[in-house]
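For reference, the chains in residue letters:
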Amino acid sequence: MTRGLIFDIQHFSLHDGPGIRTTVFLKGCSLNCAWCHNPESIAIKNSLMFEENRCIGCRACETVCGNNVHFFTDDGRHKVDFSRCSGCGECQKVCFAGALKMIASSYDTENIVSLVLRDRGLYEKSGGGVTFSGGEPLLQAEFVSEAAQMLKEQEIHVAIDTALNVPRENIDLVMPYADLFLCDLKAVSEDIFRKYIGNSNERIMENLRYVASKKNVFIRTPVVKGVNDSMSELTKIRDVIDGLGENVKEVGLLSYHDLGVNKALKVGMEEHRFEIQGSGDFTEKLELFKDRGYRLLFDGSEVR
Amino acid sequence: MAYTFDIERYFREFEEVFSEYPTNVDKELREYDSVYDPDKTPYENKAEVYRIIGEESPLRIFRTAPFFFEVDTGRARNSVTSTWPPEPGLGDALMSKNTFLLERFNGTWLPVYTRTNIINGVMFSDVAHHYANVEKIMKTGLKGIRKEIEDEMESEDLDSREKAFLSSALISVDSVIRVAERFRDTLKEMMENEEDPSLRENLRLQYELAVNVPVNAPKTFREAFEVFVFTREICNALEGVGFAVLGHIDRVLGDFYRQDIENGTLTKDEAQELVDAFLAITDARWDLEQELPGGTNASLVIGGTDRYGKPVFNDITTMVIDGMLKHRFVNPKIQARITASHPEEYFNKLSELAQSGINCLSVFNDRVVVGAQIKEGKDREDANVYLAGGCQEITLPNEYNSRAYVYVNTAGLFNISLFPEKWTEVFQEAGDRIYLKEAYKKKTFEEYYRDAIYNFASAIQIFVNRFNDFNSELTDTNPCLFYSALSDTCIERKMDVTEGGMKYNSDSFGMCAIGTVVDSLFAIKKAVYEDRFVTMKDLREAVGNDFKDNEVLRQYLLNRIPKMGQDNEEIREFASRVFRDVSRALSGYPNVRGGYFEASLFSFYSYEWFRNFDATPDGRRSGDLLTRGINPSELSGSIDAATLLSSQKNIDYTDYPGGGVLYMDIPVAKAKISKEVFGSIIKDFIEKEAFVMDFNVLDRETLLKAKAEPQKYTNISVRICGYSALFHTLSENMQDEIIARTQR
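Scoring rules and cut-offs
- Residues numbered from 1 in each chain as written.
- Chains lettered and ligands numbered in written order.
- Predicted model: local features only at pLDDT ≥ 70, side-chain atom pairs only at ≥ 80, totals over all residues.
- Heavy atoms only, no water.
- Helix = DSSP H or I, 4+ residues; strand = E, 2+ residues; numbered from the N terminus.
- Rg over C-alpha atoms; globule rule 2.2 N^0.38 Å.
- Areas by Shrake-Rupley, 256 points an atom, 1.4 Å probe, with all protein chains shown as cover.
- 1 Å grid on protein atoms, 1.4 Å probe; cavity = no way out; pocket = protein on both sides within 12 Å on 5 of 7 lines; lining within 4 Å.
- Points joined across faces, edges and corners; volume = space filled by probe spheres on them.
- Nonpolar A, V, L, I, M, F, W, Y, C, P; charged D, E, K, R; others polar.
- Domains from an automatic or database assignment.
- Contact = heavy atoms within 4.5 Å.
- Buried area = accessible area lost by both parts, 1.4 Å probe.
- Salt bridge = Lys/Arg side-chain N within 4 Å of Asp/Glu carboxyl O.
- Polar contact = N/O pair within 3.5 Å; in protein donor to acceptor, adjacent residues only side chain to side chain.
- Core = buried A, V, L, I, M, F, W, Y, C linked by side-chain atoms within 4.5 Å.
- Buried < 20%, exposed > 50% of the residue type's maximum accessible area, 1.4 Å probe, protein only.
- Phe/Tyr/Trp six-rings, centres within 6.5 Å; stacked < 30°, edge-to-face > 60°.
- Pairing = 2+ DSSP bridges.
- Expected span 1.5 Å × (residues − 1).

## Focus on the overall build of chain A
Regarding its fold elements, chain A presents 11 helices and 14 strands. The globule rule puts the C-alpha radius of gyration for 304 residues at 19 Å, and the 20 Å found for chain A is close to it. Carbon and sulfur atoms provide 46% of the accessible area of chain A, an area that totals close to 13200 Å².

## What to know about empty space enclosed by the protein
All names here are of chain B. Evaluation of the coordinates by the stated rule reveals 12 cavities of 30 Å³ or more. Here the second largest cavity defines a volume of roughly 110 Å³. S79, R232, N236, W286 and T296 are, among the 16 residues lining the second largest cavity, the residues nearest its centre. Of all elements in the fold, only α10 (221-239) and α12 (268-285) reach the threshold of two or more residues within the lining of the second largest cavity. The residue inventory of the lining of the second largest cavity, partitioned by class, reads 6 nonpolar, 6 polar and 4 charged.

## Describing the domain arrangement of chain A
All names here are of chain A. Assigned domains within chain A: domain 1 (3-44 + 104-303) and domain 2 (48-102). The C-alpha-based centres of domain 1 and domain 2 are spaced at 32 Å. If you look at the interface, domain 1 gives 6 residues, while domain 2 gives 6 residues. When the buried surface of domain 1 facing domain 2 is broken down by residue, A104, K266 and V267 rank first, second and third, together holding 77% of it. Where domain 1 touches domain 2, the interface holds 1 salt bridge. With its nearest N and O atoms 3.4 Å apart, the salt bridge here joins E51 to K266. Linking domain 1 with domain 2 are 3 residue pairs in polar contact (both at pLDDT 80 or more), by the criterion used here.

## Side note on the interface of chain B and chain A
With 25 residues of chain B in contact, the opposing surface of chain A contributes 25 residues. Between chain B and chain A lies a buried interface of about 2000 Å² when both sides are counted; carbon and sulfur atoms form 64% of it. At the junction of chain B and chain A, the tally comes to 3 salt bridges. The partner of D567 of chain B in a salt bridge is R118 of chain A, and the shortest N-O contact between them spans 3.1 Å. Where chain B packs against chain A, one counts 10 residue pairs in polar contact (both at pLDDT 80 or more). Elements with a contribution of two residues or more to the side of chain B that touches chain A: α25 (551-559), α28 (641-646) and α29 (675-687) of chain B. By residue class, the composition of the side of chain B that touches chain A is 11 nonpolar, 5 polar and 9 charged.

## Re the nonpolar core
Of all hydrophobic cores here, the largest spans 270 residues; its most connected members are F225, F278, F463, F509 and F695 of chain B. At 14 residues, the largest contribution of residues to this core is made by helix α19 (residues 445-471) of chain B. In contact with F463 of chain B, not counting residues within four places along its chain, are Y113, I118, I119, V408, L413, F427 and F509 of chain B. One finds A187, V227, I237 and V248 of chain A within the second-largest nonpolar core, a separate group that totals 68 residues.

## Quick look at the packing of aromatic side chains
Residue and element names in this part refer to chain B. The full count for this structure, using the stated rule, is 67 aromatic pairs over all chains. For the ring pair Y400 and Y483, a centre distance of 6.1 Å and an interplane angle of 40° mean the geometry is tilted. Of this pair, Y400 sits in the loop between β9 (394-395) and β10 (407-409) while Y483 sits in helix α21 (residues 481-486), and the two are 83 residues apart along the sequence. As far as burial versus exposure is concerned, Y400 and Y483 are alike and both buried.

## Remarks on the sheet that holds strand β11 (residues 510-512) of chain B
Residue and element names in this part refer to chain B. Taken together, the 3 strands give an open sheet; going across it, the order is β3-β10-β11, and neighbouring strands pair in mixed fashion. At either margin of the open sheet sits one strand with a lone partner, and together these are β3 (119-120) and β11. The sheet contact formed by β10 and β11 spans 3 bridges and is parallel. Considered in β11, the bridge of N409 is made with C512.

## Let's talk about unusual backbone geometry
The amide bond that connects G134 of chain A to the next residue, G135 of chain A, takes the cis arrangement and shows omega of 20°. As for its position among the elements, G135 of chain A is in the loop between β8 (129-134) and α5 (141-153). For the bond running from Y21 of chain B to P22 of chain B, omega is -5°, close enough to zero to count as cis. Following the sequence through the fold, P22 of chain B ends up in the loop between α1 (7-18) and α2 (26-35). The residue L164 of chain A is not glycine, and still its phi comes out positive at about 70°.

## Let's talk about the pattern of salt bridges
Using the criterion set out here, one finds 94 salt bridges over all chains in the structure. Residue R238 of chain A is joined to D242 of chain A by a salt bridge in which the shortest nitrogen-to-oxygen separation is 3.8 Å. Here R238 of chain A and its partner D242 of chain A are both found in helix α9 (residues 231-243), 4 residues apart, which amounts to about one turn of the helix. A relative accessible area of 14% means that R238 of chain A is categorised as buried. Among the salt bridges present, the one from R75 of chain B reaches E70 of chain B, with a minimum N-O distance of 4.0 Å. Of the residues examined, R75 of chain B reaches a relative accessible area of 8% and is grouped as buried. What you see here is one network of salt bridges that share partners, running through R118 and D119 of chain A together with D567, E569 and R572 of chain B.

## Overview of the domain arrangement of chain B
Note on interface size: it is often stated as the accessible area lost on association of the parts. Residues and elements named next belong to chain B. In terms of domains, chain B is made up of domain 1 (7-87 + 127-395) and domain 2 (407-659). Computed over C-alpha atoms only, the centres of domain 1 and domain 2 are separated by 35 Å. Counting from both sides, the interface comprises 47 residues of domain 1 and, opposite them, 34 residues of domain 2. There are 7 salt bridges connecting domain 1 and domain 2. The salt bridge involving K375 is made with D652; its shortest N-O contact spans 3.2 Å.

## A few points about α19 of chain B
The α-helix winds at 3.6 residues per turn, so residues separated by three or four positions along the chain end up facing the same way. Under the 1.5 Å per step criterion, the end-to-end length of α19 of chain B is 38 Å for 27 residues, consistent within 8% with the ideal 39 Å. Burial within α19 of chain B is extensive, with 20 of its 27 residues counted as buried.

Below, the structure is given as structure tokens:
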């Protein structure tokens, strides 16, 4: 039985594939997008998260921590030195208020499958299923593959929400059991990739073509002002999608939101805040993608 | 020419009439004073009310409407019920003469339980959630009912009480016949004098109806519809109690509709216009701009089955849903009964209604609701045609149900086991002797639990006795003879509905906060008896002290002890056990009408009213909300729709004939939720064998804007707890509570 590191399980998820779904979020990512909305998921190793507003100042964490991660200012405010944290999780055990939490928990495939099967009735009635997301779920491809296989044996629809920056063999492990890939297509230009995502685009593009040649694909593009929102970049994205063929069933543009900025602080990171755009800013951009044989969505709503 | 529903003119005309409500009825009340005789029976004294209304109360005829129905008896515009103190108007005239009982009820004992947040209620019997059995008029007309009474009066062995009952019932029917005749004559006169051709046509159509119904049995769809509308409204005007339930429209009118469509005397479009005009009555009558605690109560039942269990789904069902979708009325509530045998089209229509965000929909699971009535000993044929309203109170057409008139804090009645000394004194202060076991001294949880159930049942029995005592005098304050005449059994039994004339006579306390009870008992089980995290002494001290200086323990109880609704087999089984045992402790006590108290978890807004009750062992502080309906607690985190549905598994709601509501709040953000999602929720709800579900689709951002700028958002209707209201008319407190529900 393989174990996976999971940082969230979201029931009644309506925007990660068709129907009513449960989304399983796996920890660890091989990209480092500047606008990441789940910054706590990036590190592959499990680590601590601190929600200051839940802290009741009991100072139990201070006594159990061997690394002096937790300290209290003169006015009683709890501060966390994330750089000293070894991720042992002792403080979480004594924090009844839930201010300190290890971001992820380890599950074996049987656990996770039985948890998500709880809502089987809703999947069946709504044409939904289970989505593995992240982080980058394909970094834990063995776990995902095994869980997806178990779900397929139960005839549950499986979707993989991936940025595809993984070795081809990871994709192949999951491929037989996935009904649908939700693929990020964040940008096409290599300079954007290098500057904001910290990586090359080459492997991703190859993998995208590969996946789209084999399975149904939904493309998801976060649109961030000053990064990839120019008409020229969006046109490039559109053209790449056009080249992927008929398996692209849906394309969704997502407006940037800044929830990641605060989440980053809770795990001792800093994230740049980009400008939030109103839906009016998207009218022209959406025109680019209309009537091209796939369903077009903007922030989860169908655009006609 | 057919009737056309002109919504603007219709609402304008209703506004002109109802903005004058309540009209002055001093003259009629003075007349009543002169004939009221304390030495006569209450039947005879009530009969005088009918007589005055029959002869004198002004008729309000709406030229824009296809029906006649409104008799102005001086009742308030926004009124569902008579309560304490009695409301203005002739309907409550007798009650106003007999306030001694209500004064005694509200006198010394009740305030003690109100102050301590154990009981919330101002009446000792249900005065709001009734249903007037329109089918009897459909069968025989008022003439037939009159004859039934006359025949009964001929029997030789009647005693004086029975004679007074029957002769008064006859007066009630004659008074309504008199009202109908006056409608007929007035309509004729108005029609002849009306210059506007379309209004004249409406008056002519109404006059045509008045020539035959309700005196005779209806023959056509339009006549049957007239009887359907008229009966409920005249009962509201006459009786001084509220008839929340408009009726089971598609079942009752379905055959008339089919017949008229087949013989070509009606078209589908004409029928839709009539349905729309009927649906508009409540919104047009009420001043929805006022804050309406409890809402309008008006409830319309659709779907379900006939007496023999055959599913009802016809054009009328669809027309009701389409009418609500088209006009986005706030009322009436649509009480959709569902069976697994209903066609897919019905589920699709209901999904559309749920998705629309009108928030007028409750979904009833027939298998469970009917099953619960049968388990309680009611006949299947009767249970098959159950109705529901004000909020979701269940009633059968031949049942005098007394539900939702008093709310009891279940969590409070379990806390008494932690502090029996204190609570013995409280009961004593109210004049009640209670023997409470010292549960907290017990060595094992099983012993604690047994004692706690015993203490709970002891308190309930005290309340049962209290309420029975007052109910035994209910008939003195307000017998309802016309309502009785419409029942299948009252005339034959020669008993008023208030004294047990109906076939079924159920009672129930609305028990609030079952989720808090489950969580609190489980917290004691785990934290004290199993994990020994805290001693009973320390727990009692912390709870008794509202967890002051004990935040660590409180956080432990909140976050480390599994809660109802979570994915944990142990709490799931425990919840199922608590539900079963609570039901047993609530059931089976006889009431004074020959019926029994039934278990109910119907709790309306009492989770808020009781919020200042003492702290509870689940980590809830005084001031925090109790749990809503049958929902799990949201103190330690929000609950999504799938988890909410999953929390219903393994709980046997057929133990609760009085029902329990699952509040399904669906927050929507930018993206619209598809119809299919709502359909899936409805189907899953049925599969989980839950009782009734109340939909509330809420857009957080819009609500926040509506709170800030109410004048710009006057069309948002939200579901409070079994009733809908315009968001901008709610108190700030209630607006905040609704907004908080969107954080899921």
